[in-house]
Amino acid sequence: MNPEEQIIDLTNRLNQYNFQYYQNSISEVDDFTFDKLLADLTALENQYPEFRQPDSPTARVGGTISKEFKTVYHRFPMLSLGNTYSEEDLIEFDKRVQKGLNGQTYEYICELKFDGVALSLTYENGVLVQGATRGDGVRGDDITNNIRTIRTVPLRIGAGHKATHTQPESAPAVAALPALFEVRGEGFLPLAEFDRINKEREDIGEPLLANPRNAASGTFKQQDSGAVAKRRLDCYLYSFLSDTDIFQTHEESLVAMNAWGFNVSPTWRKCTDIQEVMAYINEWETKRFDLPLGTDGIVIKVNRYDQQRDLGYTAKSPRWAIAFKYKAMAASTELNGIQYQVGRTGAVTPVALLTPVLLAGTIVKRASLHNANEIERLGVMMHDTVFVEKGGEIIPKITGVDLNRRTDKSQPIVYPTTCPACGTALVRKEGEAHFYCPNEQGCPPQRQARFEHFIQRRAMNIESLGEGKIELLIDRGLVQTPADLYDLKATDLLGIEKVFLVEETGKKRVVSFREKTVENILTAIERSKSQPFANVLFGLGIRYVGNTTAEKLVDYFGSMDAIMNATQEQLLAVPDTGPRIAESVVAWFGDTANQEFVERLRAAGLQFVGEKKVVEQEGDSLTGKTFLYTGTFANFSREELESRIEANGGKLLSGISKKLNYLIVGENAGPSKVEKAKKLNVPMIGEDEFMAMLVV
Ligand SMILES: NC(=O)c1ccc[n+]([C@@H]2O[C@H](COP(=O)([O-])OP(=O)(O)OC[C@H]3O[C@@H](n4cnc5c(N)ncnc54)[C@H](O)[C@@H]3O)[C@@H](O)[C@H]2O)c1
Ligand SMILES: [Zn+2]
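Note that the coordinates shown come from a computational prediction; the quantities given were computed from them, not determined experimentally.

In this section: helix H9 (residues 274-287). When the terminal C-alpha atoms of H9 are compared, their 20 Å separation across 14 residues agrees well with the 20 Å that a helix rising 1.5 Å per residue should span. Among all positions of H9, only Val277, Tyr280 and Trp284 are buried. Considered in projection along H9, the buried side chains sweep an arc of 60 degrees and stay on one side of the axis. For H9, the exposed residues lying more than 90 degrees away from the buried face are Gln275 and Asn282. Summarising the contacts, the buried residues of H9 are in contact with strand S3 (108-114), strand S9 (269-271) and strand S10 (295-302).

What follows is the structure, given as structure tokens:
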């Protein structure tokens, strides 16, 4: 390729990566590769400015705005940051700052570079009035409703908010706040929350989220803020902007924001020279893994605002700041074996067993390999030397094979064709990454996991049976299915015990049923009979039926019998229920073993009817008509709108199809829905027209 072709090629590739990253929350390459390509393009453009493309990613903030949200213009542009992976570049940056400031003294503030999504929050008279994404830097998406779900974001400043941590310096009083100001920060999904969501997804058979950053970005872009609230997003604020300057330095603004109740990470530090910056970088290289969120580097900012102004901006980023990015922590070690774990839904997950190696401060012995495709993609063989990396995630992953160190010892990995636990031939459905053991009733790990699912707090809440006790009951033949729990008697349990060998530590652990334990367990089992129906439905362990779906099904159908007898068609009418869920529910209740299981639970006295907000029939003016809505309404909340539709005999559909009779269009309607409705000639009505239909 000649330089021009190279420039065009790089421009197109980077624009495509940007599009996937910002629009679809997908990383097609890792950040290091992306940054390297961008640096290559910058160098080429400097050398051959005549070939530079008008849509070059080197001069623009990478994001875009989306059609689903209202577009808002930023009062102050939201820029990117220059970045580097090397200390030499940092020294260069420091020299540029020194030169730019003509010999004045200066200080830096170092902060962690939080790996999430840039957010801008606008406050008017102390009240949060707008929350937006960075978008293309000039315009962003208005995601105020989603940002309001973040508990640490104050909706009003000054009213009863406390600093998240104490700082020695004194901060200005809230009274000093200008009537209009903006704070900026990084929205993120805490690692523990990311883990929790993925466990839950694994539990109900959903594909796992790739990493916390992309998960956060995807979550902020969801239309349903109720769903957003369920993922406990968080946000660290790191910048304050207003028309009138109330601070002289960045440091003052951090201290004040914290004092006013904004969530400011306490990890920042003032550094008087670049050596101190280096020390900060070294200190946080491994310490950052103890933080509750993913970080990918540190940000260095000139402290004084007047000096920031003197240094100014490029088209894309401030000259007074730079990001130093850590290369992903990698280590190489030998792959000794693969453990194939069978989950509750029968999905087989390979886990790599490694020669223990030190990585980012912890000893790593296991790494995730996801599925058979991943093994193939990596081209990894048994006894290969592999690279393990710790990125934003908690579990390290294998990122590649050191082919230079492959020897005759390396053996192809033969993916099992039968279940490692029960020997049944594995199956793989079209379009699925996992192999499954279809022996749902008889496969021991599946059975065990079904119990664990059933007893969890959000299902039947019999957690006193956790930690090896279920295993023991199964072992002794006391229970086969969770329904058997309801037949247990004190005399069955008293005195049984088992000694487990804990693999990790090599120590023994005794699980025994003493009098007190037995009493607790039986009480919890008895109490579980009054757990709400939605918990029971979730506890059944139907694939794809998580908590939220269970609640929606219960709200819609009201009883177990109605759900058992529902056709796919009827299930599809439940809000947010697609064909995948509908099929899975019908298939599950069609199985005779499952039917018997359900009947035994009924006999045991579990709740089979929803504490239904019984929709009181108001009339039948909407009978036979189907509805869907988009946007927000002056007279109804979403819930009210839904119940009014039902109360008047109408049906809510989950998506736009030819079957839809009316799309009710509110304020801030989703343009994609409107477009689709137009395409399919679905009549669109406003709130007033809908209200008129109710009265008829
Ligand atoms: N893998 C991919 O396909 C892909 C594609 C596009 C972008 N990217 C990654 O994203 C980067 C570009 O994104 P960018 O333009 O947002 O730049 P950036 O993420 O490197 O830096 C700017 C951002 O840093 C964030 N930030 C975190 N902590 C901060 C702090 N303490 N102070 C100030 N800002 C802080 C802010 O959100 C800010 O917008 C690339 O360098 C690349 O690493 C990756
Ligand atoms: Zn099996």
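From this point, the narrative continues.
On domain assignment, one finds that the protein chain holds domain 1 (3-51), domain 2 (71-325), domain 3 (330-405), domain 4 (444-528), domain 5 (533-604) and domain 6 (626-695). On a C-alpha basis, the centroid separation for the pair domain 1 and domain 5 is 48 Å.

Taken together, 24 residues sit near ligand 1, with Tyr21, Asp31, Ser80, Glu111 and Ala118 positioned nearest. Put simply, the parts of the chain that give the shell around ligand 1 at least two residues each are helix H1 (3-23), helix H2 (31-47) and S3. Shared between two domains, the shell around ligand 1 takes at least three residues from each, and those domains are domain 1 (3-51) and domain 2 (71-325).

This part covers the UniProt feature "binding site: Zn(2+)" (unreviewed entry) in the protein chain. In this structure's numbering, the residues bearing the UniProt feature "binding site: Zn(2+)" (unreviewed entry) are Cys419, Cys422, Cys437 and Cys443. In sequence the annotated residues extend across 25 residues, while in space they remain close, none of their C-alpha pairs exceeding 8.5 Å. Relative to the helices and strands, Cys437 is located in the loop between strand S17 (435-436) and helix H12 (444-455). Exposure remark for Cys437: the 27 C-beta atoms within 10 Å place this residue in the buried category. Cys437 has contacts with Val342, Gly346, Val348, Cys419, Cys422, Thr424, Leu426, Cys443 and Gln446, leaving out every residue within four places of it along the chain. Along the chain, Cys443 falls in the loop between S17 and H12.

As a general point, the strands of a sheet are linked pairwise by backbone hydrogen bonds and lie either parallel or antiparallel. Sheet architecture is open: four strands sit in the order S21-S20-S22-S23, paired in parallel fashion. Here the strands that pair on one side only, and so sit at the sheet edges, are strand S21 (651-652) and strand S23 (684-685). Bridge analysis of strand S22 (residues 662-665) against S23 gives two bridges, and the strand direction is parallel. Bridge pairing in S23 links Ile664 to Ile685.

Backbone geometry places Asn125, a non-glycine residue, at a positive phi of 50 degrees. Among the secondary structure elements, Asn125 is positioned in the loop between strand S4 (117-124) and strand S5 (127-133). The backbone phi angle of Asn461 is positive, close to 55 degrees, even though this residue is not glycine. Here Asn461 lies in the loop between H12 and helix H13 (469-475).

Counting 57 residues, the largest nonpolar core has Cys110, Cys235, Leu237, Met257, Ile298 and Ile300 as the members making the most contacts within it. In this structure Ile300 touches Tyr108, Cys110, Val277, Ala321, Ile322 and Phe324, once residues within four positions along its chain are discounted. Membership of the second largest hydrophobic core comes to 39 residues, among which are Ile455, Ala459, Leu493 and Ile521.

Along S22, one buried face is formed by Tyr662 and Ile664 and the opposite face, lined by Leu663 and Val665, is buried too. The sheet contact formed by strand S20 (residues 626-630) and S22 spans four bridges and is parallel. Each bridged residue has a counterpart across the sheet, and for Phe627 the counterpart in S22 is Tyr662. Taken together, S22, helix H23 (residues 671-679) and S23 form a β-α-β motif whose crossover is right-handed.

So, about the sheet that holds S5. Spatially, S5-S4-S7-S8 is the arrangement adopted by the four strands of the open sheet, whose pairing is antiparallel. Edge strands, defined here as strands with exactly one partner in the open sheet, are S5 and strand S8 (234-241). When the angles between neighbouring strand axes are averaged without regard to direction, this sheet yields 30 degrees. Pairing of S4 with strand S7 (residues 180-188) involves eight bridges; the strand directions are antiparallel. Among the inter-strand pairings, Ser120 is bridged to a residue of S7, identified as Arg184.

According to UniProt, the feature "active site" (unreviewed entry) maps to Lys113 in the numbering used here. Along the chain, Lys113 falls in strand S3. Setting aside residues no more than four positions away along its own chain, Lys113 makes contact with Thr295, Asp296, Gly297, Ile298, Val299 and Ala323.

Quick notes on the rules
In this convention, every chain numbers its residues from 1, walking through the sequence in written order. Here chains are named by letter from A upward and ligands by number from 1 upward, in the order in which they appear as written. In keeping with the model being predicted, local features are shown solely for residues with a pLDDT of at least 70 and side-chain atom pairs are shown and tallied solely at 80 or more, while totals for entire chains, interfaces and linings include all residues. Numbering of helices and strands starts at the N terminus; helices are DSSP runs of H or I of at least 4 residues and strands are runs of E of at least 2. Helix span, expected: 1.5 Å multiplied by one less than the number of residues in the helix. Residues are called buried when their C-beta atom has 20 or more other C-beta atoms within 10 Å, exposed when it has 12 or fewer, and partly exposed otherwise; all C-beta atoms are positioned from the backbone. Summarising the geometry, the arc corresponds to the directions from the helix axis toward the C-beta atoms. Think of it this way: build a C-beta for each residue from its backbone, and any pair within 7 Å is a contact. For the domains described, the bounds stem from an automatic or database domain assignment. Whether a residue is near a molecule or strand depends on its C-beta atom, placed from the backbone, lying within 6 Å of it. UniProt positions are given in the numbering used here, feature names are shortened, and annotations may be inferred rather than shown by experiment. The criterion for strand pairing is that DSSP finds at least two bridges linking the strands in question. A set of buried Ala, Val, Leu, Ile, Met, Phe, Trp, Tyr and Cys residues, joined to one another through C-beta atoms within 7 Å, is what we call a nonpolar core. Crossovers are marked right-handed if the path from the first strand over the helix to the second runs clockwise, as seen with the strands pointing away from the viewer. Under this scheme, a helix contributes an axis fitted over its contacting stretch, all axes are lines through C-alpha atoms, and angles between N-to-C directions fall in the 0 to 180 degree range.

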